[in-house]
Amino acid sequence: MRWSTYFLYTLRDNPSDAEVISHQLLARAGMIDKVAAGIYTYLPLGWRSVEKLQRIVREELNTAGAVELVMPSVAPAELWQESGRWQAYGKELLRIKDRHDREFVFGPTHEEVITDAVRRRVTSYRQLPTNLYQVTTKFRDEIRPRFGLMRGREFIMKDAYSFHASAESLDETYRAMERAYRRVFDRCKLSYTAVEADTGNIGGSESHEFMVLASTGEDAVAACACGYGANVEKAITGPIAPPPAWPAPVPAKPEAVHTPGASSVADVAAFLKLDAAHFIKTMIVETDKEFAVALVRGDDEVNEVKLKNVLDCTHLALASEARIEQLTGGAMGFSGPVGLTGVRVVADPEVMRLAVAATGANRADHHLVGVVPGRDFTPEVVADVRVARIGDPCPRCGAPLDIKRGIEVGHIFKLGIKYSSKMACNYLDEKGLSHPMIMGCYGLGIGRTVAAAVEQNHDEHGIVWPRPLAPFEVELIALNPDVPAVRDAAEKLYADLQAAGVEVFYDDRDERPGVKFNDADLIGFPVRVVVGKKGVELGQAELSLRRDRVKVTAPLADAVAKARELLESA
RNA sequence: CGGGGCGUAGCUCAGCCUGGUAGAGCACACGGUUCGGGACCGUGUGGUCGGAGGUUCAAAUCCUCUCGCCCCGACCA
């Protein structure tokens, strides 16, 4: 491809709305173009990367036994009403009406459509398992799209759905998909980790996320050298260190202490000369079902995802000040579990391990000290609801956990019968009995993976594409295209590289050398071949790898072979 | 949805506080000099100052409303 006839326009300045490096570089390199918040055009160069990733994904999924199809973006509301998600999905679901006022959704995911397609065809265990996938454009009307391709509203995603007659069969496919994902990300040369994850509103029993490690990642993952890894939403830990010894005799019953104006744990701890870990932090929450109270140790934070699962609810928020006063009889900021009635109390195990503690007195400007869990209050539920912290013991081996940030590029779920039971997607077993099919679903963000690759592979000059995702493999630069000898040498190299099957992008523009070099660094193809006046006089071309930018020269006649050699090491 | 910020030329931005003929750099066009790491000189093209309403002799500038975009938070597969 010749630059002069291609559609590539690089930017000298970062777009003012680009925050993260992948967004800045993809925009400056002329690969994406924002059309509206969270909605992008893939320009020709960007689309080539996307297509390369799609090809890799298709190859690995086909190998794993999945079969490709394409479902429509727009689906009738009836299917979503049948699954219950018309109600449950919320505002992220883009709902549209046609000219007859019939309601449709622009699909954010396709469980309903695929389940409908399968139930109308598959009726016997003999037809199972089956695993279907597509690579399509999805739309989720995110509250706040951001970070370019990393959290768009419209985005390209590969989604696969498998149907089974047994949990064993699902497990087999789940493992096969996990292996396929590993091969995809390995082939893209990405540094990633697969971690245990929460299933969120999709539902299901088991779930893993594939995280590309990057400081700009939106998710935090807890990881241990022993191999344990989990999204912090899900991460569990071993028992954490107890607080320092209680500095006074433990009273027979809690004593109220005047703590004027001090409601944060840090303030009260300083005031009472106690450690934050001596406190029981009391959070009053409101769910779609009830009000509830969550207790964690004073130096811990409540993990809302874990709490949601414990309370079995879909929405959860902090209760209003008025509600808190009504439920506890005291001011906000001074709540505690002692004497609380009429609400479910969920205590973290670390709270129950406290020998003695301090907490709010349910009375303005007062705290209770000498509270003994189990003696002075008894929670309805004891369950892990704390956020894992860096340095906490690994639940498997006890070593300190590390917490890193990651970009979620893939997520696989064991769905179970959540959709098949609601939508009557059933099969007959060998005895003629009807059962809902057991399902799995497997998502992989295409655009997000390309963005993650840039986050992980760049330097101060621009993108450093891993070869499998690079739009082109070689950038050929004719430094002085107006010099006939240079032009001829470059043209011959261009033709020879193409004949050798190398994806070559030929910068034949009438630009100054500096412009061409800087653009080459910015768009970041793995190998650069430069033909200039001095080199041509010596019969030489200059080659370099984008990764280290170390220049070597080779006779023009050997330049193609040298370029291929460099590509192999790219 | 709460808090904050920004909308002025294709891009990045100044001008707004304190109302008075709309600016710079880059890009683009033409001429010339240059040509191995984002050249220089000269000339030139290009803007309903996001939109609507209001105040005023006069509004990019002040006021009201509205739309869009960005950041923080809440939310979320």
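Quick note: structure is the one above.
So, here's what we can say about the structure. Predicted, not measured: the structure shown is a model, and the values here were computed from it.

Conventions used here
Residues numbered from 1 in each chain as written. Chains lettered and ligands numbered in written order. Predicted model: local features only at pLDDT ≥ 70, side-chain atom pairs only at ≥ 80, totals over all residues. Heavy atoms only, no water. Helix = DSSP H or I, 4+ residues; strand = E, 2+ residues; numbered from the N terminus. Buried < 20%, exposed > 50% of the residue type's maximum accessible area, 1.4 Å probe, protein only. Contact = heavy atoms within 4.5 Å. Areas by Shrake-Rupley, 256 points an atom, 1.4 Å probe, with all protein chains shown as cover. Lys, Arg positive; Asp, Glu negative; His and termini not counted. Charge placed at Lys NZ, Arg CZ, Asp CG, Glu CD. Pairing = 2+ DSSP bridges. Axes fitted to C-alpha atoms, helices over the stretch in contact; angles between N-to-C directions. Core = buried A, V, L, I, M, F, W, Y, C linked by side-chain atoms within 4.5 Å. Arc of directions from axis to C-beta. Salt bridge = Lys/Arg side-chain N within 4 Å of Asp/Glu carboxyl O. Phe/Tyr/Trp six-rings, centres within 6.5 Å; stacked < 30°, edge-to-face > 60°. Lys NZ or Arg CZ within 6 Å of the ring centre and 35° of its normal. Polar contact = N/O pair within 3.5 Å; in protein donor to acceptor, adjacent residues only side chain to side chain. Parallel < 35°, antiparallel > 145°, perpendicular 65-115°, else oblique. Left-handed = near helix turned anticlockwise from the far one by under 90°. Nonpolar A, V, L, I, M, F, W, Y, C, P; charged D, E, K, R; others polar.

**Brief notes about the overall build of chain A**
Logical step 1: When helices and strands are tallied, chain A shows 16 helices and 31 strands.
Logical step 2: Projecting the C-alpha coordinates of chain A onto the three principal axes gives extents of approximately 95 × 65 × 50 Å.
Logical step 3: Every one of the 570 residues in chain A was classed for burial, and the buried ones make up 52%.
Logical step 4: Long-range pairs, those at least 24 residues apart, make up 69% of the contacts in chain A between residues at least 6 apart in sequence.
Logical step 5: Entry remark: accessible area of chain A is about 25100 Å², with carbon and sulfur atoms responsible for 51%.
Logical step 6: Here chain A carries 69 positive and 79 negative side-chain charges, and the mean point of each set is 2 Å from the other.

**Notes on the sheet that holds strand β13 (residues 255-258)**
Logical step 1: The antiparallel open sheet is built from three strands, whose spatial order is β13-β19-β18. Two strands in the sheet have a free side with no partner beyond their single neighbour: β13 and β18 (357-360). Looking at each pair of strands side by side, their axes are set apart by 30 degrees on average, direction ignored.

**Some remarks on the nonpolar core**
Logical step 1: Ranked by internal contacts, the top residues of the largest apolar core, which has 60 residues, are Leu26, Phe185 and Trp465.
Logical step 2: In terms of residues, this core owes the most to one element, helix α6 (residues 167-187), which gives seven residues.
Logical step 3: Those residues in contact with Phe185 that lie beyond four places of it in its chain are Leu190, Tyr192, Phe210, Val409, Gly410, Leu444 and Thr449.
Logical step 4: With 26 residues, the next largest nonpolar core counts Trp86, Tyr89, Leu93 and Met423 among its residues.

**Re helix α7 (residues 265-272)**
Logical step 1: Buried residues of α7: Val265, Val268, Ala269 and Leu272, and no others. Down the axis of α7, the buried side of the element spans an arc of 100 degrees, and every buried residue falls inside it. In α7, the exposed residues that point more than 90 degrees away from the buried face are Ala266 and Ala270.
Logical step 2: Where α7 is buried, its residues touch β13, β14 (280-287) and β19 (366-371).

**A closer look at the pattern of salt bridges**
Logical step 1: Tallying each qualifying case throughout the model produces 47 salt bridges.
Logical step 2: As a salt-bridge pair, Arg389 and Asp300 come within 3.2 Å of each other at their nearest N and O atoms. Of the two residues, Arg389 is situated in the loop between β20 (381-382) and β21 (402-416) and Asp300 in the loop between β15 (291-297) and α8 (304-311); the sequence distance between them amounts to 89 residues.
Logical step 3: Judged by relative accessible area, which is 0%, Asp300 ranks as buried.
Logical step 4: With a closest N to O distance of 2.9 Å, Asp507 and Arg509 form a salt bridge.
Logical step 5: Asp507 gets classed as buried once you look at its relative accessible area, which sits at 0%.
Logical step 6: Through salt bridges with shared partners, a single ionic network connects Asp171, Arg175, Glu178, Arg182, Glu206 and Lys414.

**What about the packing of aromatic side chains?**
Logical step 1: For the coordinates displayed, the defined rule picks out 17 aromatic pairs.
Logical step 2: For the ring pair Phe185 and Tyr192, a centre distance of 5.6 Å and an interplane angle of 50 degrees mean the geometry is tilted.
Logical step 3: Residue Tyr192 is classed as buried on the basis of its relative accessible area of 16%.
Logical step 4: Taking the centre distance of 5.6 Å and the plane angle of 55 degrees together, the rings of Phe472 and Phe525 count as tilted. You can see Phe472 sitting in the loop between β26 (462-463) and β27 (474-478) and its partner Phe525 sitting in the loop between α14 (513-523) and β29 (527-531), a full 53 residues away along the chain.
Logical step 5: Owing to a relative accessible area of 3%, Phe472 belongs among the buried residues under this scheme.
Logical step 6: Since its relative accessible area comes to 3%, Phe525 is described here as buried.
Logical step 7: By the ring-pair criterion, three or more aromatic residues cluster together here, those being Trp3, Tyr6, Phe472, Phe505 and Phe525.
Logical step 8: When the ring centre of Trp86 is taken as reference, the NZ or CZ atom of Arg95 above it lies at 4.7 Å.
Logical step 9: Over the ring of Phe147 we find Arg146; its NZ or CZ atom is 5.7 Å from the centre of that ring.

**Some thoughts on the side chain of His110**
Logical step 1: Mapped onto the elements, His110 comes out in the loop between β6 (103-106) and α5 (111-119).
Logical step 2: Taking relative accessible area as the criterion, His110 reaches 2% and is therefore assigned buried.
Logical step 3: Only 2.9 Å separates the side chain of His110 from the backbone oxygen of Pro72, close enough to count as a polar contact.
Logical step 4: In contact with His110, not counting residues within four places along its chain, are Met71, Pro72, Ser73, Gln134, Thr136, Lys138, Asp159 and Tyr161.

**Remarks on the packing of helix α2 (residues 44-63) against α6**
Logical step 1: Where α2 meets α6, the axes come as close as 9 Å, and the angle between the chain directions of the two elements is 150 degrees. By the angle between their directions, the pair α2 and α6 is classed as roughly antiparallel. Note on packing geometry: the crossing formed by α2 with α6 is right-handed. Side by side, α2 and α6 meet where Leu53, Ile56, Val57, Glu59, Glu60, Leu61 and Thr63 of the first sit next to Met177, Ala180, Arg183, Val184 and Arg187 of the second.
Logical step 2: The residue inventory of the contact of α2 with α6, partitioned by class, reads seven nonpolar, one polar and four charged.

**Section: unusual backbone geometry**
Logical step 1: A cis geometry characterises the amide bond from Leu128 onward to Pro129, with omega recorded as 0 degrees.
Logical step 2: Backbone geometry places Phe147, a non-glycine residue, at a positive phi of 60 degrees.
Logical step 3: Notably, Ala424 is not glycine yet its phi reads approximately 55 degrees, a positive angle.
Logical step 4: As for its position among the elements, Ala424 is in the loop between α11 (418-422) and β22 (426-428).
Logical step 5: A residue is classified by how much of its surface remains accessible, and Ala424, at 48% relative accessible area, is partly exposed.

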